[in-house]
Amino acid sequence: MLSVAVFLPLFGALVLLFVPEAQRRAVRAIALVFLSLSALAVLLIAIGFHAGQGLQFVEDVPWMPALHVNYFLAVDGLSLVMLGLTALLGLIAAIAAHGITERTKLFFILFLLLQTALLGIFCAEDLILFMFFFDVMLIPMYFMIGIWGSGRREYSAVKFLIYTIIGSVVMLIGILALYFHTGQQTFSIPELARLVASRRLPVVWEDWIFLAIVAGFLIKLGIVPLHTWLPDAYVDAPIPASLILAGVMSKVGAYGLLRVSQYLLPSAAQHFAALLAVLGVITIVYGALAATAQHDFKKLVAFSSVSHMGFVLLGIAAGTQLAITGAIFEMVSHGLVVGMLFLLVGVIYERTHTRELSRFGGMYASLGSGGGILGFAAMANLGLPALSGFIGEFFVLAGAFTVFRTEVFWAILGIVLIAGYNLWMLQKILMGPEREEWKGLPAINGRELVTLVPLMALCVLLGLFPNSIIHVLHLPVQQLVAHLGGQ
Amino acid sequence: MVGYAWIVPALPLAAYILHVFVGRRLKERAAYFGVVAMGLASVLGVTILVQAAGGASAHVSVPWLQIGRYSVPMGFTVDPLSAVTMAMVTVVSWMIEIYSLGYMHNDPDFNRFFANVNLFVAGMLTAVIADNFLLFFMAWEIMGLCSYLLICHWYRDSSNARAATKAFLVTRIGDVGLLAGIWWIFSITHSFQFSQLAPALHAAALAPAALTAIALLVFLGPVGKSAQIPLQIWLPDAMAGPTPISALIHAATMVAVGVYLVARTYPIFQLAPGALVWIGYIGAITAFMAASIACVQTDIKKVLAYSTISQLGYMMLGMGVAGSMVAGMFHLISHAFFKGLLFLAAGSIIHAVETQEMHRMGGLFRKMKATSITFIIGALALAGIPPFSGYFSKDPILSAAAASPYPLMFWLGVLGAFLTAYYMTRACLLTFFGKPRDQHVYEHAHESPAVMTVPLWVLAVPAALLGLFAAGAFRSFLAPGYVPPSGGPAASALTLALPLLGVLVGALIYGGGRTAFRVAAIRALRPLYVFLKQKWYFDQLGLALMYIALGVAWIVAAFDRYVVDGIVNGLGALAGLLGRATRTLADGSAQAYMLTLLLAVAVGLIALQLIGG
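Residues numbered from 1 in each chain as written. Chains lettered and ligands numbered in written order. Predicted model: local features only at pLDDT ≥ 70, side-chain atom pairs only at ≥ 80, totals over all residues.

### Remarks on the overall build of chain A
Here is step 1 of the chain: Within chain A, the regular secondary structure consists of 19 helices and 2 strands.
Here is step 2 of the chain: The C-alpha atoms of chain A give a radius of gyration of 21 Å, which matches the 23 Å a tight globule of 487 residues would have.
Here is step 3 of the chain: Summarising its shape, the C-alpha atoms of chain A cover approximately 70 × 55 × 40 Å along the three principal directions.
Here is step 4 of the chain: Burial statistics for chain A: of 487 residues in total, 65% are counted as buried.
Here is step 5 of the chain: Long-range contacts, defined here as pairs at least 24 residues apart, represent 81% of the contacts in chain A between residues at least 6 apart. (Helix = DSSP H or I, 4+ residues; strand = E, 2+ residues; numbered from the N terminus. Rg over C-alpha atoms; globule rule 2.2 N^0.38 Å. Buried ≥ 20, exposed ≤ 12 C-beta atoms within 10 Å, placed from the backbone. Contact = placed C-beta atoms within 7 Å.)

### Overview of the overall build of chain B
Here is step 1 of the chain: If you tally the helices and strands in chain B, you get 25 helices and 2 strands.
Here is step 2 of the chain: For chain B, the spread of C-alpha atoms along the principal axes amounts to about 100 × 60 × 55 Å.
Here is step 3 of the chain: For chain B, the residues scored as buried account for 55% of the 613 residues in total.
Here is step 4 of the chain: Of the contacts formed within chain B by residues at least 6 apart in sequence, a portion of 81% connects residues at least 24 apart.

### Examining the pairing of strand β1 (residues 56-64) of chain A
Residue and element names in this part refer to chain A.
Here is step 1 of the chain: Alignment of β1 against strand β2 (residues 69-75), held across 6 bridges, turns out to be antiparallel. The partner of Gln 56 across the bridge, within β2, is Val 75.
Here is step 2 of the chain: In this antiparallel pair of consecutive strands, β1 and β2, the connection spans 4 residues, and His 68 shows a positive phi of 60°. (Pairing = 2+ DSSP bridges.)

### Some thoughts on the interface of chain A and chain B
Think of interface size as the accessible area that goes away when the parts come together; that is how it is often given.
Here is step 1 of the chain: At the junction of the two partners, chain A supplies 56 residues and chain B supplies 48 residues.
Here is step 2 of the chain: Partitioning the side of chain A that touches chain B into residue classes produces 39 nonpolar, 15 polar and 2 charged. (Nonpolar A, V, L, I, M, F, W, Y, C, P; charged D, E, K, R; others polar.)

### With respect to the domain arrangement of chain B
Residue and element names in this part refer to chain B.
Here is step 1 of the chain: Domain boundaries assigned for chain B yield domain 1 (1-131), domain 2 (160-271), domain 3 (273-533) and domain 4 (588-613).
Here is step 2 of the chain: Counting from both sides, the interface comprises 30 residues of domain 2 and, opposite them, 34 residues of domain 3.
Here is step 3 of the chain: Of all elements in the fold, only α8 (208-225), α9 (234-237), α10 (243-252), α11 (254-264) and α12 (266-271) reach the threshold of two or more residues within the side of domain 2 that touches domain 3.
Here is step 4 of the chain: When its residues are assigned to classes, the side of domain 2 that touches domain 3 shows 22 nonpolar, 8 polar and no charged. (Domains from an automatic or database assignment.)

### Thoughts on helix α6 (residues 158-189) of chain B
All names here are of chain B.
Here is step 1 of the chain: For α6, with 32 residues, the first-to-last C-alpha span of 46 Å sits near the 46 Å given by 1.5 Å per residue.
Here is step 2 of the chain: Where α6 bends most, the angle comes to about 25°, and this point is Ile 173.
Here is step 3 of the chain: Counting buried positions along α6 gives 26 out of 32 residues, so the element sits mostly inside the fold.
Here is step 4 of the chain: Of the residues trailing α6, His 190 is marked for its positive phi of about 55°. (Expected span 1.5 Å × (residues − 1). Bend = angle between axes of the 7 residues up to and from the residue.)

### Overview of the packing of helix α3 (residues 80-103) of chain B against α10(B)
All names here are of chain B.
Here is step 1 of the chain: The geometry of α3 relative to α10 is characterised by a closest axis approach of 9 Å and an angle of 160° between their N-to-C directions. Compared by their axis directions, α3 and α10 come out roughly antiparallel. As for the relative orientation of α3 and α10, their crossing is left-handed in sense. Residue-level contacts link Val 92, Ser 93, Ile 96, Tyr 99, Ser 100 and Tyr 103 of α3 to Thr 243, Pro 244, Ala 247, Leu 248 and Ala 252 of α10.
Here is step 2 of the chain: Its residues assigned to classes, the contact of α3 with α10 comprises 8 nonpolar, 3 polar and no charged. (Axes fitted to C-alpha atoms, helices over the stretch in contact; angles between N-to-C directions. Parallel < 35°, antiparallel > 145°, perpendicular 65-115°, else oblique. Left-handed = near helix turned anticlockwise from the far one by under 90°.)

### Brief notes about helix α18 (residues 407-432) of chain B
All names here are of chain B.
Here is step 1 of the chain: Look at α18: 38 Å from first C-alpha to last across 26 residues, which is about the 38 Å you get at 1.5 Å a residue.
Here is step 2 of the chain: Extensive coverage of α18 is indicated by the burial of 21 of its 26 residues.
Here is step 3 of the chain: Residue Gly 434 follows α18 closely and has a positive phi angle near 75°.

### Observations regarding unusual backbone geometry
Here is step 1 of the chain: Going from Ile229(B) to Pro230(B), the amide bond is cis rather than trans, its omega being 5°.
Here is step 2 of the chain: Residue position: Pro230(B) is located in the loop between α8 and α9.
Here is step 3 of the chain: In this structure, Pro387(B) follows Pro386(B) across a cis peptide bond, with omega equal to 5°.
Here is step 4 of the chain: Assignment of secondary structure puts Pro387(B) in the loop between α16 (369-383) and α17 (389-403).
Here is step 5 of the chain: Look at Ala386(A): it is not a glycine, yet its phi comes out positive at around 80°.
Here is step 6 of the chain: Position of Ala386(A) among the secondary structure elements: in the loop between α15 (369-381) and α16 (388-401).

### Some words on the environment of Val519(B)
Here is step 1 of the chain: Within the fold, Val519(B) resides in helix α22 (residues 515-524).
Here is step 2 of the chain: With 414 residues separating them along the chain, Val519(B) and His105(B) place their C-alpha atoms 40 Å apart.

### Examining the packing of helix α2 (residues 31-53) of chain B against α3(B)
Helix packing geometry: the angle between the two helix axes and the distance between the axes.
Residues and elements named next belong to chain B.
Here is step 1 of the chain: It is the contact of α2 with α3, at a shortest axis distance of 8 Å, that shows an interaxial angle of 155°. Taken together, the axis directions place α2 and α3 in an arrangement best described as roughly antiparallel. Two packed elements cross with a definite hand, and for α2 against α3 that hand is left-handed. Of the residues in α3, those in contact with Ala 31, Gly 34, Val 35, Met 38, Gly 39, Ala 41, Ser 42, Gly 45, Val 46, Ile 48, Leu 49 and Ala 52 of α2 are Pro 80, Ala 83, Val 84, Met 86, Ala 87, Thr 90, Val 91, Ser 93, Trp 94, Glu 97, Ile 98 and Leu 101.
Here is step 2 of the chain: Along the lines of polarity and charge, the residues of the contact of α2 with α3 split into 17 nonpolar, 6 polar and 1 charged.

### Regarding the confidence of the model for chain B
Interpretation of this model should avoid reading the predicted coordinates in detail wherever pLDDT is low.
Here is step 1 of the chain: Model confidence for chain B is summarised by a mean pLDDT of 90, while 94% of its residues fall at 70 or above.
Here is step 2 of the chain: At the level of chain-chain contacts, confidence expressed as ipTM amounts to 0.93, with global pTM at 0.93. (pLDDT = per-residue confidence, 0-100.)

### Considerations on the environment of Ala381(B)
Residue and element names in this part refer to chain B.
Here is step 1 of the chain: Among the secondary structure elements, Ala 381 is positioned in helix α16.
Here is step 2 of the chain: Look at Ala 381 and you get buried, because 32 C-beta atoms sit within 10 Å.
Here is step 3 of the chain: In the structure, Ala 381 is positioned 336 residues away from Gly 45 in sequence and 25 Å away in space, judged by C-alpha atoms.
Here is step 4 of the chain: Once you skip the residues sitting within four places of it in the chain, Ala 381 turns out to touch Phe 338, Phe 388, Ser 389, Gly 390, Ala 463 and Ala 464.

Take a look at the structure:
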């Protein structure tokens, strides 16, 4: 079942190869069908999932037996949540890719390939398979930014590629070092975890291995000072790609921390916890300050995204059950919220052909219900209670309070700043006297609402009933916390 | 009925949902959702109060969230504190919604107004009955959101938009303090349940300094929400919202919920006497400062706004010195009625004359009898003239301050009471009496329709009589066995006499056309006048802080663009120079990078084989 979910998009890409380029509608329809089928498979997995058990839907067969590499897919609660987010945002991004009218076929082939890689990452339980999906993910994104992007798209695409490749090389070296040092001749994550639990994993060089692996993930997560590829890539990518970059791909970094570095190298993780926490807080405050000073709507969202990933890192570094649960919740929530924001950037850009905040004003009336939705998204982004973002940040900081009190107080400064730039953004775009040039803009349309409303609904649902996903996270987080020796 | 108290907030919430989904189609008829819902909620609220007075209570809690070994339930409590407050909120909100039918008639965004008002009331009622910090905070923020949305109801005016942003942001500063307090308490007690916190904190035997820090962090929330010094600067600007909003949110309910939080968590504050002294001082200073600023305001809503800040200060002073939350709470309840009344009456005037400047009014008594009489009732209550309710609620606070070891608090409070009577006399005389100063405005004036004046009369009854008939019952209901500290006969005499003196002075200065005297007085007291006009320069302080934050943000953004990115690009250029020999590195093709990747992997593998083998 897992393989079906993961490879359905790829199969769709293969089917697309035989569709003529001119049939743009058919291309889109086929892509949507395969993405929907894959999402349906994820849904079936979620229905069949038992929160009380560990790894489920296991598929474990030798892949490269000489190197002890297995094709090993399985889901636990963490994987399941991430698969759900990926499937949902994939579908929504594909709907939002309506504006891609040049080389549509190639775009969707790459998009489907990317979706397979992302789904694969979140359920790979073999380190080499994980790395494989991790590297496959980069190529389609590179082309999506480079071909369909805007602004300095080639510069941004190359920067994205160089950064993530450096990250993945360093990480691969770390993973290989881990392999050779255990001497257990396995890349299986659960197998290695069992060794960790019984304290039989050698600790020689553990710190170096940890740093190598973590560097790759921090780049992906966009942690300051390794973040500079991110605003460029987010801003210059086409909207559907921005949505996947910010909504799903940045979470790969956090997922990697949880699944690989913290889980398999817990004593090094404890060693560097304070460093990671400080980096997290710097990211929160730095990202929020940088967002405050942006004139470009999309860039504001990009830096806002950087800032929110700081909360995720802080939660993971704190290593308590509350903080890690909060961090995972924040990953999901941020995926929803940043999705909404990028979609809205697209909605407004399509109508005005500008992203300059200072050129907007008084647009509440002209956008139809779009104005209200932008208000909703900004409130979700600033962590308004009863929406999902609040729960994530609240429990990250509540859980980190016992461990990193000073850092939490700095993070609080970030919370005020986050409120600041979101409110100013609303003030600049929606309020004030209506500009002559934006009078009579078309109101938000049905296709745009189809992409936005599910995200809003989930945002409210998760904000009011967070247990709906937190109950599946209980077991994986508990295992991780047990490794880290915390509470 | 007490077990069904959750229905009370659910009613306005249902009205909100109806407004969102079908409101626009129904035009102004949609407002009846809210009016009917709040009518039912009022009946229910008062019924619950009556039952609670008879000894009934309820605590219902359901599991909500489980994270590891922590379980977070959600629930509500009906006890004397929540029953009294809930009854007040339902009745005041109901009256204000009815009044708004008239006031907002023909507003293009009528539906949005009523939707937000109903969401607000749902939030307020949820906060009142919440049995835990988390639910309370969620409701608290929802109220903040609605306050924001209603301040910028007329969003096309940039100054309204700025006022809304300012309100949200300034209260947010207080909110994060409250959050830190909640986290700190949770890290010790592992609970958000109000009833468990103080015993668990007590059992934890913390250092007094830590307890004081915790209590003060929690208190930061009320400092923002209840507009205490130095976070009071948002409330006067919030008057940009429609006047019923000023009455409901920025006078009667939301701004008072900060005081309510202190009352709700009073056992925690009792563990930290040091924090109570802070609260007392902040309250007393706020009470005096805001009263002094109100004396020079010419906008009738601004006068009332500063008087609200001042009265909230009295409530906090009561929390700080009375040794029980009952004194502050009684002032909260009586203030809600008379201040709600004052704002609605002011709205009725504004509706009639289309200006808020008192200098363009005058002589309106003849034209607007109902509005004038009810406003004056409210003013007498606010001024603390017996037998109106304000006297009975302010007197215990001031006598407790007199009995406390902090005489400064008493003097600030009693001087503030003098100023209160003075500026309210001034406002009444400028508005209702004397010769009309603007003939055009005067001719335009007319009494408001019954839909607006009836709520005035309804609110005027408790504003006039609540103190006389309910003060004793209130005390024995909320704090049985509590003996209020007595400040002695001198303090009581001052509390009675200074407001009367204030009325007298106000009447002498503003009674009969003494314009020349007033101009001369302003000239003589120029520095003081400017100081008050500039609101003690707090706005400038706030602006300066904001510009500093924006400056830092700008520096960070520039640093990011030119330094961090610059280094990366510099390295890239360097690599480009180095790679000119091999060309492949700099041509940007993906194959080249993939090749590099493979090479690097191979090198890494070999290296590791050598070391690890």
